[in-house]
Amino acid sequence: MSSSDDMALPATFRKLVCSKLTQHFRDAVSIQTLPMLKPGPQDVLVRNRFTGINASDINKTAGRYNPADKPPFDIGFESVGEVVGVGSEVKHVKVGQGVCFMQNGTFSEYQVLPAKLAIPVPSVQPEHLGLLVSGMTADLSLRECGKIKEGETVLVTAAAGGTGQFAVQYAKQAGCHVIGTCSSDSKAEFLKSLGCDRPINYKTEDLGQVLKKEYPGGVDVVYECVGGDMFHTCLRSLAPRGRLIIIGFVSGYKESQIAAPTIKPNELMGLLAKSTSITGFFLFAFANQWQESFARQAALFAKGAVKVGVDLGKNSEKGAFKGVDGIMDALDYMYSGKSQGKLVVEVNEPLPSPGL
């Protein structure tokens, strides 16, 4: 391993692991203190600066993704940080380089990963996290499943959330008319700033009635993240040959048995009569397109063509989320409905400037 004289590493580090299978995140996790890691010849050691929080984190701790997961196991899907150690065979990144990556185990102060998974970034900033799980989900699902076309109407649920904000912008860039649901007036203003044509605060407006009155022909594509009654309203509102993409059903994740929406007989007949379709999207089934998707989004971000809303806990009563301890507070905050944009935890403080 090569390392930097300016980056003396601590003897130990802390990480959050799943120690019990349950959808109740606080009950599922525990903090471990472990000896500092060393990268292998083709690995890098990363000091995680920011990690992304996703609604599906509790699906991981509930054991819903991989039946082979047996506690204790690592959790967390995405991170951005600084390389603090490189293997002897690693050439494309160096110590001090900022990188972002998707690799299980990012709820940790330090992490070893294969160097090929480390994507160099010009600066270590939380906005880059948005382009990973959340941004790629929007980018790839709208292309591959939604097959959106100019002039179509796209409805995005939970539109002010981590992935919804990208779905709004990418649909607008494709020349679509975009409707976005949210739960507060401040989120509606946020959606307007992203270019959303018709924000709908479902706390003050009836979504079904708005769609029936203002979009009598239906909507062409639905980017559905919520589930429950929202799913059924969206399904009934599809236009002929419309496509509904199931991104998730966050309203049911905290149940002991995941509360996935079921299709009613009359809805099934509606699918048939209107030749509509429902498609599920799971990002890890599109791993061969991740690099292309990230590069496409990074180019847009670099020239200011896509905005990345980041929430480090601005509406949290406990203040900004910091350290591995803050991850538990961040998950509670997400499910409170207060978050806006990509939810992020600052795992480590910034490195001191050289010479200080």
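Conventions adopted
- Residues numbered from 1 in each chain as written.
- Predicted model: local features only at pLDDT ≥ 70, side-chain atom pairs only at ≥ 80, totals over all residues.
- Heavy atoms only, no water.
- Axes fitted to C-alpha atoms, helices over the stretch in contact; angles between N-to-C directions.
- Helix = DSSP H or I, 4+ residues; strand = E, 2+ residues; numbered from the N terminus.
- Parallel < 35°, antiparallel > 145°, perpendicular 65-115°, else oblique.
- Left-handed = near helix turned anticlockwise from the far one by under 90°.
- Contact = heavy atoms within 4.5 Å.
- Nonpolar A, V, L, I, M, F, W, Y, C, P; charged D, E, K, R; others polar.
- Salt bridge = Lys/Arg side-chain N within 4 Å of Asp/Glu carboxyl O.
- Buried < 20%, exposed > 50% of the residue type's maximum accessible area, 1.4 Å probe, protein only.
- Pairing = 2+ DSSP bridges.

At a minimum axis distance of 8 Å, the contact between helix H4 (residues 133–146) and helix H5 (residues 164–173) shows a crossing angle of 40 degrees. It follows that H4 is oblique to H5 by the angle criterion. Of the two possible hands of crossing, H4 and H5 adopt the one that is right-handed. Contact with H4, carried on its side by Ser134, Gly135, Ala138, Asp139 and Leu142, involves Phe166, Ala167, Tyr170 and Ala171 of H5 and no other residues of that element. Looking at the contact of H4 with H5 residue by residue, the class counts come to six nonpolar, two polar and one charged.

Take the pattern of salt bridges next. For the structure on display, the rule yields 23 salt bridges. We note a salt bridge from Lys15 to Asp74, for which the minimum N-O separation is 2.8 Å. Of the two residues, Lys15 sits in strand E2 (residues 12–18) while Asp74 sits in strand E5 (residues 73–74), which places them 59 residues apart along the sequence. Note that Glu349 is salt-bridged to Lys322, the shortest N-O span being 3.9 Å. Pair noted here: Glu349 is in the segment after strand E17 (342–346) and Lys322 is in the loop between strand E16 (310–311) and helix H11 (325–336), with a separation of 27 residues, a long-range link. Given the relative accessible area of 46%, Glu349 is considered partly exposed. Overall, Lys322 belongs to the partly exposed group, its relative accessible area being 42%.

Pairing is antiparallel in the open sheet, where three strands are placed in the order E3-E2-E5. Edge positions in the sheet fall to strand E3 (29–35) and E5, since each of these pairs with one other strand and no more.

Keep in mind these numbers describe shape, not what the thing actually does.
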